[in-house]
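Overview (structure and organization)
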Amino acid sequence: MNEPQQKWTETIGDNYSLFDLKLREVWKYRDLVYMFVKRDFVSSFKQTILGPIWFFINPIFTTIVYLVVFGRIAKLPTDGAPPLLFYLSGVTLWNYFSSSLIATSGTFLGNSAIFGKVYFPRLVSPLSIVISNLMRFSVQFLLFIIAWIYYYSQGQVHPNIWILATPFLILLMALFALGLGMIFSSLTTKYKDLGMLLGFGISLYMYATPVIYPASSLQGIFKKLAYYNPLTGIFECFKYAWIGVGDFSTLMLGISTVIILILLLIGIVVFNKVEKTFMDTV
């Protein structure tokens, strides 16, 4: 007697395009994304005294240090914007990008034990990191809004219609961190010392980005190079939109968008390629 043929609900294979994000699979595992986001968010302040208050303490103290060192001592210009709000806006954006990039870059090494035992779309892991960091960004952004309301009531800031582009700017930062993170995560499976180099590189990258200074203060070749820094258009647009200062242009934001999409595409290709064989090198 012939046994009934089994029907598989899902078939796992490696014959897929390197350009495939497998978003349909990710959507099927959306509950897992939620679990990862919840795990990352809760673990960030678990067994701490102040808990989520740390999300406020970090940007506050960082802003005060920048205000003293770069504002009072180095006397860097802020294009006429209130120094406290100028530095706070830069710190808020930079914290989201840097934390997302560092965490995403450890996707393969940090989850090798899970990846070796259970199948799920590997993109779930870096996506959950970017989303969980977005929740932290929301808390710090609330702090920025409180400070912004104060200065707005004093007539010291001049917002404009570009405020509506804020979600797009955050999306660009998330995609940039995701793309770069996938590239570094893939490379560190073979060259583990790149993880240490990334931490040092991010510290230097901050000074190449208008976090503590406006792009208008740059001259000559440095100003031209700043246009090709994907974060320059994002930071300048954000400050221009909310504070009313900055050397912002739609061309600058357009260049940032194109570069970020190219890096994201490269990250997808590299990530998908390494995903097939990374267990042999980790």
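Scroll up to find the structure.
Presented here is a report on the structure given in the accompanying data block. Worth saying up front: this structure is predicted, and the values here are computed from it rather than measured.

Side note on the nonpolar core
Among the nonpolar cores identified, the biggest contains 65 residues, and Trp-94, Phe-97, Phe-144, Leu-231 and Trp-242 are the most heavily contacted of them. At the level of elements, α2 (30-43), α3 (54-73), α4 (83-104), α7 (124-153), α8 (166-187), α9 (194-207), α11 (230-242) and α12 (250-275) are the ones that each hand at least two residues to this core. Setting aside residues no more than four positions away along its own chain, Leu-231 makes contact with Trp-94, Phe-97, Met-173, Phe-176, Tyr-205 and Thr-209.

Quick look at unusual backbone geometry
Notably, Lys-75 is not glycine yet its phi reads approximately 55°, a positive angle. Here Lys-75 lies in the loop between α3 and α4. Within the chain, Asp-79 stands out as a residue other than glycine whose phi angle is a positive 60°. For Asp-79, the location among the structural elements is in the loop between α3 and α4. Using a relative accessible area of 33% as the deciding quantity, one classes Asp-79 as partly exposed.

Looking at the packing of α3 against α4
The contact between α3 and α4 brings their axes to 9 Å, and the two run at 125°. Relative to α4, the element α3 is oriented oblique. For the pair α3 and α4, the crossing hand works out as right-handed. On α4, the residues that touch Asn-58, Pro-59, Thr-62, Thr-63, Tyr-66, Leu-67, Phe-70 and Gly-71 of α3 are Pro-83, Leu-84, Tyr-87, Leu-88, Val-91 and Asn-95. Of the residues assigned to the contact of α3 with α4, the class counts are nine nonpolar, five polar and no charged.

Cut-offs applied
- Residues numbered from 1 in each chain as written.
- Predicted model: local features only at pLDDT ≥ 70, side-chain atom pairs only at ≥ 80, totals over all residues.
- Heavy atoms only, no water.
- Core = buried A, V, L, I, M, F, W, Y, C linked by side-chain atoms within 4.5 Å.
- Buried < 20%, exposed > 50% of the residue type's maximum accessible area, 1.4 Å probe, protein only.
- Helix = DSSP H or I, 4+ residues; strand = E, 2+ residues; numbered from the N terminus.
- Contact = heavy atoms within 4.5 Å.
- Axes fitted to C-alpha atoms, helices over the stretch in contact; angles between N-to-C directions.
- Parallel < 35°, antiparallel > 145°, perpendicular 65-115°, else oblique.
- Left-handed = near helix turned anticlockwise from the far one by under 90°.
- Nonpolar A, V, L, I, M, F, W, Y, C, P; charged D, E, K, R; others polar.

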